[in-house]
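# Report on the structure
Listed below are the residues making up each chain.
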Amino acid sequence: MWKSVLNVKNRKNTVFLSLGSNKGDRYSNLLICIKNISELDGFLVNECSSIFETEPVGYLKQNYFYNMVLKGEYDYDPHNLLRDLQNIEDSFGRTREIHWGPRVIDIDILYFQDMVLYSPDLILPHAEIGNRKFVLEPLKEIDSEFLCPVKGITVNDIYRRCSDRS
């Protein structure tokens, strides 16, 4: 009885990740990133959106981004996933010198099941989803009816309400 209650390994969490790249071979960076994510212990990639070329946000003196969203299933907790994703970013040589600056690869956890979390290193759902069409467009392509646990509305509704005109 305890094993079935405590065995998180048997519980798959639906996860949406945003991937972006604007340094080097952006397309190859995304493909290699997807491969690395698919090799994480406990992660199963279910679906990938199209790739969208988008203008930068915040720090504008940089190349355009390739952005996409990945939907998967993950066996463990979101902090484990965050650590693993940051390790992947580090393996690409990612540096965090300029806020919203250029990067070889950027991976953000958008949603982790229906979890709402506010911690110093991780906020779920991602705080900027509703302000970023470059996230909402590919997310909508994959699962327009996913219900945001904070807003109580679908991705499609969030997209329609987004004021981002980029």
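First, a word on scope: everything that follows refers to the structure included in this document. Model, not experiment: these values are computed from the prediction.

## Quick look at the nonpolar core
If you look at the biggest cluster of nonpolar residues, it comprises 25 residues, and the most contacted ones within it are Leu17, Leu19, Ile37, Leu81 and Ile109. Looking at this core, the elements with two or more residues in it are strand E1 (13-21), helix H2 (26-38), strand E4 (65-74), helix H3 (78-91), strand E5 (106-112) and strand E7 (122-124). Sequence-distant contacts of Leu81, that is, excluding residues within four places in its chain, are made with Val15, Leu17, Leu40, Phe43, Tyr74, Ile109 and Phe112. Counting 17 residues, the second largest nonpolar core, distinct from the first, contains Leu136, Ile142, Ile153 and Tyr159.

## Details of the layout of surface pockets
Over the atoms, a rolled probe matching the size of one water molecule traces out where space is still vacant. Estimated volume of the second largest pocket: approximately 240 Å³. Contributing to the lining of the second largest pocket are 17 residues, with His126, Ala127, Ile129, Gly130 and Lys151 lying nearest its centre. Those elements that provide at least two residues to the lining of the second largest pocket are E7 and helix H5 (155-161). Of the residues contributing to the lining of the second largest pocket, the split by class is twelve nonpolar, three polar and two charged.

## Notes on H2
The end-to-end C-alpha separation of H2 is 18 Å, in line with the 18 Å expected for 13 residues at 1.5 Å each. Within H2, the full set of buried residues consists of Arg26, Asn29, Leu30, Cys33, Ile34 and Ile37. Taken down its axis, H2 places every buried residue within 135° of arc, on the same side.

## Comments concerning the packing of H2 against H3
Following both chains from N to C, one finds H2 and H3 inclined at 140°, their axes separated by 11 Å at the closest point. The handedness of the crossing between H2 and H3 comes out as right-handed. For the pair H2 and H3, contact is made by Cys33, Asn36 and Ile37 and by Leu85, Ile88 and Ser91, respectively. Tallied by class, residues from the contact of H2 with H3 come to four nonpolar, two polar and no charged.

## Quick look at the packing of aromatic side chains
Scanning the entire structure with this criterion turns up six aromatic pairs. Judged by centre distance (6.3 Å) and plane angle (80°), the rings of Tyr74 and Phe112 are edge-to-face. Pair noted here: Tyr74 is in strand E4 and Phe112 is in strand E5, with a separation of 38 residues, a long-range link. Neither residue differs from the other here; Tyr74 and Phe112 are each classed as buried. Residues Tyr111 and Phe146 carry aromatic rings whose centres are separated by 4.8 Å and whose planes lie at 50° to one another, so their mutual orientation is tilted. Of this pair, Tyr111 sits in strand E5 while Phe146 sits in the loop between helix H4 (133-143) and H5, and the two are 35 residues apart along the sequence. By way of ring pairs, the aromatic residues Phe43, Tyr74, Tyr76 and Phe112 are connected into one cluster. One Lys or Arg, Lys140, reaches over the ring of Tyr159 and ends 4.3 Å from the middle of that ring.

What counts, and where the lines are drawn
- Residues numbered from 1 in each chain as written.
- Predicted model: local features only at pLDDT ≥ 70, side-chain atom pairs only at ≥ 80, totals over all residues.
- Heavy atoms only, no water.
- Core = buried A, V, L, I, M, F, W, Y, C linked by side-chain atoms within 4.5 Å.
- Buried < 20%, exposed > 50% of the residue type's maximum accessible area, 1.4 Å probe, protein only.
- Helix = DSSP H or I, 4+ residues; strand = E, 2+ residues; numbered from the N terminus.
- Contact = heavy atoms within 4.5 Å.
- 1 Å grid on protein atoms, 1.4 Å probe; cavity = no way out; pocket = protein on both sides within 12 Å on 5 of 7 lines; lining within 4 Å.
- Points joined across faces, edges and corners; volume = space filled by probe spheres on them.
- Nonpolar A, V, L, I, M, F, W, Y, C, P; charged D, E, K, R; others polar.
- Expected span 1.5 Å × (residues − 1).
- Arc of directions from axis to C-beta.
- Axes fitted to C-alpha atoms, helices over the stretch in contact; angles between N-to-C directions.
- Left-handed = near helix turned anticlockwise from the far one by under 90°.
- Phe/Tyr/Trp six-rings, centres within 6.5 Å; stacked < 30°, edge-to-face > 60°.
- Lys NZ or Arg CZ within 6 Å of the ring centre and 35° of its normal.

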